[in-house]
Amino acid sequence: MNRLNFMNYPAQISSCNQVDIKQKTMASPNVSLLLVLVSLMCSAAFSSGESTYATGLSENFYDTSCPQAASIVDAFVTKYLQKDRNFAGAFNRLQFHDCWVGGCDGSVLLNSTATNQAEREAHVNFGLRGVAEIDEIKAALEYACPGVVSCADILIMAARDATVKVGGPTWTVATGRRDGVRSTDLMADTNLPFPVLNFSGLVANFAAKGFNAREMITLSGAHTIGRSHCNGILPHLYNFTGKDDVTDTDPAMDKEFSVLLKTLCPQGNRTNTIFIDSTANHFDRLYYQNVLGGRGVFITDSALITDPGSKKVVQSFAKRSSTFFSEFAAAMVKMGDLGVLTGTQGEIRKTCQFVN
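Treat the numbers as computed from the prediction; the structure is a model and nothing was measured.

**Quick notes on the UniProt feature "binding site: Ca(2+) 2" (unreviewed entry) in the protein chain**
Now for step 1: Under the UniProt annotation, "binding site: Ca(2+) 2" (unreviewed entry) lies at T224, D277, T279 and D284. Spatially, the listed residues are clustered: although they cover 61 residues, their C-alpha atoms lie within 9.9 Å of one another.
Now for step 2: Looking at the secondary structure, you find T279 in the loop between β2 (273-275) and α12 (286-292).
Now for step 3: Residue classification places T279 among the partly exposed residues on the basis of a relative accessible area of 25%.
Now for step 4: Not counting chain neighbours up to four residues away, the residues in contact with T279 comprise T224, D284 and L286.
Now for step 5: Inspection of the secondary structure puts D284 in the loop between β2 and α12.
Now for step 6: With relative accessibility at 14%, the residue D284 sits in the buried group.
Now for step 7: Among all residues touching D284, those that are not within four sequence positions of it are T224, D277, T279, F324 and F325.

Below is the structure:
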């Protein structure tokens with residue numbers, strides 16, 4: 001079968017012609033697959049010449065009601081990063097884990113109750129950080145502008161500000177999101193990608209949210225910053241084929257790197273934490289170089305080079321002249337549009353961990 005060249009289908013597509021898949025699917029299996037994939041990618045395309053914001057969001061939403069909102073968020077993010085630059089990864093993870101589950105509505109921040117296990121209790125959210133910090137920012141905003149700025153918007157602004165402060169790209173944040181009132185662990189575990197997915201599993205997970213394969217590879221680059229508990233790494237080291245044995249390690253992993261990881265994450269230890277990139281406090285392209293060298297921490301990292309087309313994208317992003325930064329910014333904007341609540345939907349929480 002002829003494989004699609006991912007390099008010919010970047011995330012930023014200026015226009016897509018209508019494709020009548022039903023009429024052309026009898027041509028050949030190869031053509032059918034090509035048409036389906038191109039159609040999916042076109043439907044998810046980012047158009048740089050048009051507004052990409054969801055209805056109800058705008059760049060100047062708080063200009064009148066809380067003009068200091070952005071500067072307050074930025075000041076607190078600066079404070080957190082001065083204490084621990086690795087919080088940049090935590091804020092990026094919070095946006096992804098919020099938006100991927102029912103939309104960008106701040107539901108990942110909610111506490112469990114006596115009758116409900118919230119998203120933060122999900123297996124896939126093990127070790128999630130930054131919730132208390134977002135609530136501290138919220139308290140400052142409530143003091144300055146009571147009942148105006150949503151927790152959902154704070155998450156989006158914090159992720160962008162933190163990325164920039166550790167050397168990453170910037171992007172314009174449109175605001176106006178409102179906070180959701182529903183959060184369950186099941187929602188998180190059935191929507192977020194587990195770190196053991198193979199390449200086709202990752203493509204399917206992202207396609208369900210309207211993101212193509214190239215955008216999935218792009219957003220995987222968020223692993224250039226941050227840290228992880230060993231919980232998500234153990235399968236890559238000790239249970240790659242299901243044997244649950246000290247020797248059951250991904251054979252494609254660099255041998256010296258696997259020895260190092262096993263020292264940091266002994267078999268059965270779920271709680272140790274390690275940096276997930278050799279420059280984990282700096283947003284750069286080294287993540288892709290590490291993946292190409294067999295030094296991907298998660299199974300999902302290593303999976304990016306198991307497909308020839310995907311591997312070409314990884315090779316491209318690893319170069320200094322690549323479009324990784326601009327494509328990452330575009331993908332974060334697109335993610336911020338997922339399932340937003342606006343207008344009179346949802347609420348503006350007083351504190352981020354509790355519904356009003």
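**Describing the UniProt feature "active site" (unreviewed entry) in the protein chain**
Now for step 1: Here the UniProt feature "active site" (unreviewed entry) sits at H97.
Now for step 2: By secondary structure assignment, the location of H97 is in helix α4 (residues 87-99).
Now for step 3: The class of H97 is buried, set by a relative accessible area of 8%.
Now for step 4: Discounting residues that sit within four places of it in the chain, H97 has contacts with V108, E119, V124, N125, L128 and L192.

**Considerations on the state of the cysteines**
Now for step 1: If you walk through the whole model with that rule in mind, you get four disulfides.
Now for step 2: Paired by a disulfide, C66 and C145 hold their sulfur atoms 2.1 Å apart. Taking the torsion about the S-S bond as the criterion, the C66 to C145 disulfide, at about 75 degrees, is right-handed. Of this pair, C66 sits in the loop between α2 (29-43) and α3 (69-83) while C145 is found in the loop between α5 (131-144) and α6 (151-165), placing the two residues 79 residues apart along the sequence.
Now for step 3: Judged by its relative accessible area of 4%, C145 falls in the buried class.
Now for step 4: Disulfide pairing is shown between C99 and C104; the S-S distance is 2.0 Å. Across the S-S bond linking C99 and C104, the dihedral sits near 120 degrees, which makes this disulfide right-handed. Assigned by exposure class, C99 and C104 land together as buried.

**A closer look at α3**
Now for step 1: Its 15 residues give α3 an end-to-end C-alpha distance of 22 Å, which sits within 8% of 21 Å, the value for a rise of 1.5 Å per residue.
Now for step 2: Three or more residues of α3 are buried, namely A69, I72, V73, F76, V77, Y80 and L81. Angular distribution of buried residues about the axis of α3 spans 165 degrees; they occupy a single face of the element.
Now for step 3: Check the buried side of α3 and you find it contacts α4, α5 and α6.

**Re the layout of surface pockets**
Now for step 1: Quantified by volume, the largest pocket comes out at close to 960 Å³.
Now for step 2: Forming the walls of the largest pocket are 41 residues, and the residues nearest its centre are R93, H97, V124, H223 and F298.
Now for step 3: Every element with two or more residues in the lining of the largest pocket is listed here: α4, α8 (199-207), α9 (213-220), β1 (227-229), α13 (299-303) and α15 (324-335).
Now for step 4: Ranked by residues supplied to the lining of the largest pocket, first place goes to α4 with six residues.
Now for step 5: Split by residue class, the lining of the largest pocket holds 21 nonpolar, 14 polar and six charged.

**Some words on the packing of α9 against helix α14 (residues 308-317)**
Now for step 1: Their axes nearest at 10 Å, the elements α9 and α14 cross at an angle of 45 degrees. As judged from the angle between their axes, α9 and α14 are oblique. As α9 packs across α14, the resulting crossing turns out to be right-handed. Two secondary-structure elements touch here, α9 through R214, I217 and T218 and α14 through S310, V313, V314 and F317.
Now for step 2: A class-by-class count of the residues in the contact of α9 with α14 yields four nonpolar, two polar and one charged.

The rules behind these values
Residues numbered from 1 in each chain as written. Predicted model: local features only at pLDDT ≥ 70, side-chain atom pairs only at ≥ 80, totals over all residues. Heavy atoms only, no water. UniProt positions renumbered as here; feature names shortened; annotations may be inferred. Helix = DSSP H or I, 4+ residues; strand = E, 2+ residues; numbered from the N terminus. Buried < 20%, exposed > 50% of the residue type's maximum accessible area, 1.4 Å probe, protein only. Contact = heavy atoms within 4.5 Å. Disulfide = S-S within 2.5 Å. Expected span 1.5 Å × (residues − 1). Arc of directions from axis to C-beta. 1 Å grid on protein atoms, 1.4 Å probe; cavity = no way out; pocket = protein on both sides within 12 Å on 5 of 7 lines; lining within 4 Å. Points joined across faces, edges and corners; volume = space filled by probe spheres on them. Nonpolar A, V, L, I, M, F, W, Y, C, P; charged D, E, K, R; others polar. Axes fitted to C-alpha atoms, helices over the stretch in contact; angles between N-to-C directions. Parallel < 35°, antiparallel > 145°, perpendicular 65-115°, else oblique. Left-handed = near helix turned anticlockwise from the far one by under 90°.

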